[in-house]
Amino acid sequence: MKLTKTKEFKVFMEPISVANPVSVLVLGICSSLAVTTQLIPAFVMTFAMTAVLACSNVIISLMRNLIPKNIRIIVELTVISSLVILADQLLKAFMFDVSKMLSVFVGLIITNCIIMGRAEAFALGNGPWISFWDGIGNGLGYGWILVVVAFFRELLGSGTLFGFKIIPQAVYDFGYVDMGFMVLAPGAFIVIGLICWFQKTCIKES
Amino acid sequence: MSSSVKSFVFAAVMCVVCSVLLTLAATTLKPFQESNERADKQKNILKALQLVDGKTKLTKQDVSTIYDKNVLNVWMTPDGRLSKDEIPEGKRVFVRADKGNLVSYAIPVSGYGLWSTIYGYLGLSADGKTVSGITFYKHGETPGLGGEVDKPWFQNQFKGKSIIDSSGAFVSVGVVKGKVTDRVSADKAINYVDGISGATITSQGVTSFLKKDLQVYEPLSSRLRRQGAAQ
């Protein structure tokens with residue numbers, strides 16, 4: 001069987017394209033606004049989020065036949081927050097610089113609705129292996145939107161990419177001004193809105 | 001077993017497992033985290049005192065070697081003198097000394113930004129008025145907005161600024177909204193730095209806690225200024 005025809009590949013690719021958690025399902029918007037002012041945090045958030053999402057999906061999927069239905073949300077939340085706290089503690093102990101850069105983002109992962117959403121919608125009804133791929137796919141689907149939004153916001157808002165000056169000083173001397181609006185949360189709303197619109201139009205056509 | 005009993009048992013087991021796991025992680029990792037935090041504070045004191053430039057990579061060992069060699073941990077007495085021994089009403093001062101002479105000194109500064117308490121160190125030269133450097137090492141401000149306080153472009157602006165005005169009165173260093181050149185007259189520019197766009201409240205917070213903390217250390221700073229004037 002070809003790789004592209006497997007079920008795992010399908011659950012991996014879908015959230016990256018047609019069922020994107022941010023641009024199609026409109027989940028996880030709150031953190032997309034917060035972490036996309038610059039590219040570096042967007043990348044770091046993508047990695048952290050993908051790791052936590054894959055782990056939480058696997059753990060919840062392993063326990064799916066044990067979890068009593070009436071308290072499942074609390075159980076999911078406990079698993080997710082324990083994972084996030086654990087990751088935060090490990091970072092602080094062994095990768096202090098990274099943990100300083102992430103600052104408030106680590107805590108933000110707990111409140112990301114995509115994680116709860118995938119636990120509820122996928123991990124509770126599927127095996128651990130396929131849930132793992134669903135987690136990776138959703139993490140990256142969320143991540144690429146973050147990176148695209150951060151690219152535009154950093155370039156237009158601060159004139160830099162990855163912290164390096166991109167727009168030459170000569171342009172500023174001519175009277176060019178960074179778009180301060182892009183640095184603020186509403187700038188992200190507009191970029192995400194454009195991505196949603198773009199993707200909806202493309203999907204309709206295909 | 002009825003379903004509600006099962007739920008209770010499951011919840012109890014879940015809680016115990018998670019708390020044991022987290023407690024275990026927290027206690028075993030604590031020594032590592034504390035040593036990281038201590039090294040980070042020392043590195044920031046060194047940056048405020050201009051002993052390291054913040055660009056070169058330093059290991060924890062390097063930091064503590066430079067720190068032990070150059071920095072004295074002392075206390076300021078209420079009348080603005082320095083004491084080697086801890087005194088109850090004293091305030092911490094980190095002094096960079098060279099052959100027994102004070103070169104510069106760093107004071108801890110902290111206060112509210114928008115979301116969180118910002119912690120940092122402000123270094124002052126031996127003349128008691130010129131800022132030698134500033135660092136913020138711990139905060140929970142929004143990255144890209146208030147979080148810019150920990151970026152070099154913001155911190156480097158403070159170097160060479162003065163905490164007194166042209167008449168010699170204490171005014172602290174303020175953060176303006178926008179650019180200094182647009183906001184204050186040329187004779188006052190020495191007391192102000194550019195603000196962070198999109199982070200007005202954080203900038204205001206920095207202004208107010210710098211003033212508050214510099215005021216606390218004013219006995220020492222003003223004594224040094226008088227000494228400088230007498231020479």
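Predicted, not measured: the structure shown is a model, and the values here were computed from it.

**Some details on the environment of Asn20(A)**
Residues and elements named next belong to chain A. Structurally, the position occupied by asparagine 20 is in the loop between α1 (7-13) and α2 (29-34). Measuring from C-alpha to C-alpha, the distance between asparagine 20 and glycine 137 comes to 9.2 Å, with 117 residues separating the pair along the chain. When sequence neighbours within four positions are dropped, the list of residues in contact with asparagine 20 reads Glu14, Pro15, Leu25, Gly141, Trp144, Ile145 and Gln199. At a separation of 3.4 Å, a polar atom in the side chain of asparagine 20 contacts the main-chain carbonyl oxygen of isoleucine 16. A polar contact is formed between the side chain of asparagine 20 and the backbone oxygen of glycine 141, at a distance of 3.0 Å.

**Here's the deal with the pairing of strand β5 (residues 117-125) of chain B**
All names here are of chain B. Of the pairings in the sheet, the one linking strand β4 (residues 101-112) to β5 comprises nine bridges and is antiparallel in character. Residue tyrosine 112 lies in a different strand from β5, and its bridge partner there is threonine 117. From the end of β4 to the start of β5, which pair antiparallel, there are four residues. Pairing analysis gives six bridges linking β5 to strand β6 (residues 131-138), with the strands arranged antiparallel. Within β6, the residue paired with glycine 123 across the bridge is glycine 133. Between β5 and the antiparallel strand that follows it, β6, lie five residues; glycine 128 among them carries a positive phi value of about 75°.

**Some details on the interface of chain B and chain A**
The interface is formed by 29 residues belonging to chain B together with 28 residues belonging to chain A. Buried surface at the junction of chain B and chain A, summed over both partners, amounts to about 2300 Å²; 68% is from carbon and sulfur atoms. If you sort the residues of chain B by the area they bury against chain A, Phe10(B), Leu22(B) and Pro143(B) come out on top, with a joint share of 24%. Counting every contact that joins chain B to chain A gives zero salt bridges. Residue contributions to the side of chain B that touches chain A peak at 17 residues, all from helix α1 (residues 3-48) of chain B. Per-class residue counts for the side of chain B that touches chain A are 13 nonpolar, nine polar and seven charged.

**Remarks on unusual backbone geometry**
All names here are of chain B. Unusually for a residue other than glycine, glutamine 50 sits at a positive phi of about 65°. Turning to its location among the elements, glutamine 50 is positioned in the loop between α1 and α2 (60-70). Glutamine 50 gets classed as partly exposed once you look at its relative accessible area, which sits at 38%.

**Concerning the pattern of salt bridges**
Residues and elements named next belong to chain B. A complete count under the given rule lists eight salt bridges over all chains for this structure. One salt bridge connects aspartate 213 with lysine 212, and the closest N-O pair in it is separated by 3.7 Å. Of the residues examined, aspartate 213 reaches a relative accessible area of 11% and is grouped as buried. The class for lysine 212 is partly exposed, based on a relative accessible area of 44%.

**Let's talk about a nonpolar patch on the surface**
Residue and element names in this part refer to chain A. Residues Met179, Phe181, Phe189, Ile190, Leu194, Trp197 and Phe198 make up a contiguous nonpolar surface patch of roughly 780 Å² in combined accessible area. In terms of residue count, helix α11 (residues 185-205) provides more of the nonpolar patch than any other element does, five residues in total. On the secondary structure map, isoleucine 190 appears in helix α11.

**So, the environment of Lys43(B)**
Looking at the secondary structure, you find Lys43(B) in helix α1. Apart from residues lying up to four places away in sequence, Lys43(B) is in contact with Val52(B) and Val63(B).

**Side note on the packing of helix α3 (residues 39-62) of chain A against helix α4 (residues 72-94) of chain A**
Residue and element names in this part refer to chain A. Here α3 crosses α4 at 140°, and the two axes come no closer than 10 Å. Taken as axis vectors, α3 and α4 run oblique relative to one another. As for the relative orientation of α3 and α4, their crossing is right-handed in sense. Side by side, α3 and α4 meet where Val52, Cys55, Ser56, Ile59 and Ile60 of the first sit next to Glu76, Val79, Ile80, Leu83 and Val84 of the second. Residues belonging to the contact of α3 with α4 are distributed by class as follows: eight nonpolar, one polar and one charged.

**Quick notes on the sheet that holds strand β1 (residues 71-76) of chain B**
Residues and elements named next belong to chain B. Judged by pairing direction, the sheet is antiparallel, and its six strands sit side by side in the order β2-β1-β3-β4-β5-β6 without closing on themselves. Edge positions in the sheet fall to β2 (82-83) and β6, since each has one partner strand and no second. Across the face of the sheet, α2 comes into contact with β1 and β3 (91-98) while running at roughly 55° to β1. In this fold helix α6 (residues 218-230) packs onto β1, β2, β3, β4 and β5, with an angle of close to 150° to the strand it touches most, β4.

What counts as what
- Residues numbered from 1 in each chain as written.
- Chains lettered and ligands numbered in written order.
- Predicted model: local features only at pLDDT ≥ 70, side-chain atom pairs only at ≥ 80, totals over all residues.
- Heavy atoms only, no water.
- Helix = DSSP H or I, 4+ residues; strand = E, 2+ residues; numbered from the N terminus.
- Contact = heavy atoms within 4.5 Å.
- Polar contact = N/O pair within 3.5 Å; in protein donor to acceptor, adjacent residues only side chain to side chain.
- Pairing = 2+ DSSP bridges.
- Buried area = accessible area lost by both parts, 1.4 Å probe.
- Salt bridge = Lys/Arg side-chain N within 4 Å of Asp/Glu carboxyl O.
- Nonpolar A, V, L, I, M, F, W, Y, C, P; charged D, E, K, R; others polar.
- Buried < 20%, exposed > 50% of the residue type's maximum accessible area, 1.4 Å probe, protein only.
- Patch = residues over 30% accessible without salt bridge, like charges linked within 9 Å, V, L, I, M, F, W, Y side chains within 5 Å.
- Areas by Shrake-Rupley, 256 points an atom, 1.4 Å probe, with all protein chains shown as cover.
- Axes fitted to C-alpha atoms, helices over the stretch in contact; angles between N-to-C directions.
- Parallel < 35°, antiparallel > 145°, perpendicular 65-115°, else oblique.
- Left-handed = near helix turned anticlockwise from the far one by under 90°.

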